[in-house]
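Okay, here's what each chain looks like letter by letter:
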Amino acid sequence: RKRIAVLISGTGSNMVALAKACEAADFPAEIVAVFSDKPDAVGLEKAKALGIATAAFARKDYSSKAEHEAAILAALDAVKPDLVCLAGYMRLLSGDFIRPYQGRILNIHPSLLPLFPGLHTHQRALDAGMKIAGCTVHFVTEGMDEGPVIAQAVVPILPNDTAEDLAARTLTVEHRTYPLTLKLVAEGQVAMGSDGRIVQTGSATNAHDT
Ligand code: GAR
């Protein structure tokens, strides 16, 4: 089973969805640690309740972004993860952080990338008059919410939706899509090539197909 470290900043519902998937005997991954940049992240308590090792790294305890990232990187290296899943981790990772885990860091973003990267993604989709929205799981590269897309899932945007309505609807498909995508990557069916493009060895082209 592949060793997974999860980075969170908040509620951790995607982390819990990954952890639940990992409970299945035939799932090809296990979560070995959950790290947060927010010591009070609710998700840390959820991870502890699931018996997963946790640690928090408050940005204010470090004098620079580089030192903050170095501390998290050292903790990651100590648990020797095969893959790192960002699950509501709300900081942009530097190239120095990503390089040692090149092609091994996944992120979930609650929009159909490359549309609406960054913050306030749901309100921006509504403001643009979109009739569909969704989530994207991608390999992490240096840009914000960039990097090759592994899988996406779609939800409808309904009349009179608020950003909160859309966020909640999107989150329900995130909880299905992230575990399915992790499975594809953990099994080696999908990888990021040295040219930064998706290399696909399996037949699935969409998490819905798995
Ligand atoms: C999720 O919707 C996730 O896609 C989003 O934050 C939420 C975290 O919820 N991530 C981003 O916006 C990253 N750019 P969770 O903590 O309950 O998983």
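Quantities reported herein were computed from a predicted structural model and do not represent experimental measurements.

Caption draft 1: A look at the overall build of the protein. Helix and strand counts for the protein stand at 6 helices and 9 strands. In terms of C-alpha radius of gyration, the protein reaches 16 Å, essentially the compact-globule figure of 17 Å for 210 residues. With respect to the three principal axes, the spread of C-alpha positions in the protein is 45 × 40 × 35 Å. Out of the 210 residues belonging to the protein, those deemed buried represent 49%. Pairs at least 24 apart in sequence give 62% of the contacts found in the protein among residues at least 6 apart. For the protein, the accessible area works out to roughly 9900 Å², and carbon and sulfur atoms hold 55% of it. Within the protein, one finds 20 positive and 23 negative side-chain charges whose respective centroids are separated by 2 Å.

Caption draft 2: Summary view of unusual backbone geometry. Of note, the amide linkage connecting Leu 113 to Pro 114 takes the cis form, showing an omega dihedral of 10°. The residue Pro 114 is located in the loop between strand 5 (105–109) and helix 5 (121–127) in this model. The phi dihedral of Phe 116 falls on the positive side, at around 55°, and the residue is not glycine. Phi is positive for His 120, close to 55°, though the residue is something other than glycine. Accessibility expressed as a relative area gives 62% for His 120, which makes it exposed.

Caption draft 3: Quick look at the sheet that holds strand 5. The mixed open sheet is built from 7 strands, whose spatial order is 3-2-1-4-5-6-7. Where the open sheet ends on each side, the last strands, each with one partner, are strand 3 (54–56) and strand 7 (149–156). On average, each strand axis in the sheet is inclined to that of its neighbour by 20°, with strand direction left out of account. Where strand 1 (residues 2–8) lies against strand 4 (residues 83–86), 4 bridges are found, and the strand directions are parallel. What sits directly across from Val 6, in strand 4, is Cys 85. Along the sheet face, helix 2 (residues 42–49) touches strand 1, strand 2 (29–36) and strand 3 and points at about 160° away from the line of strand 3.

Caption draft 4: Inspection of the site of the ligand at higher detail. In the vicinity of the ligand, the residues found are Thr 11, Gly 12, Ser 13, Asn 14, Gly 88, Met 90, Ile 108, His 109, Pro 110, Asp 145, Leu 171 and Glu 174. The contact in question runs from an oxygen atom of the ligand to an N or O atom on the backbone of Asn 14, over 2.9 Å. Residue Glu 174 places a side-chain N or O atom 2.6 Å away from an oxygen atom belonging to the ligand. Protein contact buries 85% of the 450 Å² of open area that the ligand shows by itself. Secondary-structure elements contributing two or more residues to the shell around the ligand are helix 1 (13–22), strand 5 and helix 6 (163–186). By residue class, the composition of the shell around the ligand is 4 nonpolar, 6 polar and 2 charged.

Caption draft 5: Main features of helix 6. When the terminal C-alpha atoms of helix 6 are compared, their 33 Å separation across 24 residues agrees well with the 34 Å that a helix rising 1.5 Å per residue should span. A maximum bend of about 30° is found in helix 6 at Glu 174. The first or second residue beyond helix 6 is Gly 188, which carries a positive phi of 80°.

Caption draft 6: Region of interest: the nonpolar core. Core analysis: the largest hydrophobic core is formed by 43 residues, its most contacted members being Val 6, Ile 31 and Val 34. Residue contributions to this core peak at 8 residues, all from helix 6. Setting aside anything within four residues of it in sequence, one finds Ile 31 in contact with Ile 4, Val 6, Met 15, Leu 18, Ala 19, Cys 22 and Ile 52. Of all hydrophobic cores here, the second largest spans 21 residues; its members include Leu 7, Phe 57, Tyr 89 and Val 140.

Criteria and thresholds
Residues numbered from 1 in each chain as written. Predicted model: local features only at pLDDT ≥ 70, side-chain atom pairs only at ≥ 80, totals over all residues. Heavy atoms only, no water. Helix = DSSP H or I, 4+ residues; strand = E, 2+ residues; numbered from the N terminus. Rg over C-alpha atoms; globule rule 2.2 N^0.38 Å. Buried < 20%, exposed > 50% of the residue type's maximum accessible area, 1.4 Å probe, protein only. Contact = heavy atoms within 4.5 Å. Areas by Shrake-Rupley, 256 points an atom, 1.4 Å probe, with all protein chains shown as cover. Lys, Arg positive; Asp, Glu negative; His and termini not counted. Charge placed at Lys NZ, Arg CZ, Asp CG, Glu CD. Pairing = 2+ DSSP bridges. Axes fitted to C-alpha atoms, helices over the stretch in contact; angles between N-to-C directions. Near = heavy atom within 4 Å. Polar contact = N/O pair within 3.5 Å; in protein donor to acceptor, adjacent residues only side chain to side chain. Nonpolar A, V, L, I, M, F, W, Y, C, P; charged D, E, K, R; others polar. Expected span 1.5 Å × (residues − 1). Bend = angle between axes of the 7 residues up to and from the residue. Core = buried A, V, L, I, M, F, W, Y, C linked by side-chain atoms within 4.5 Å.

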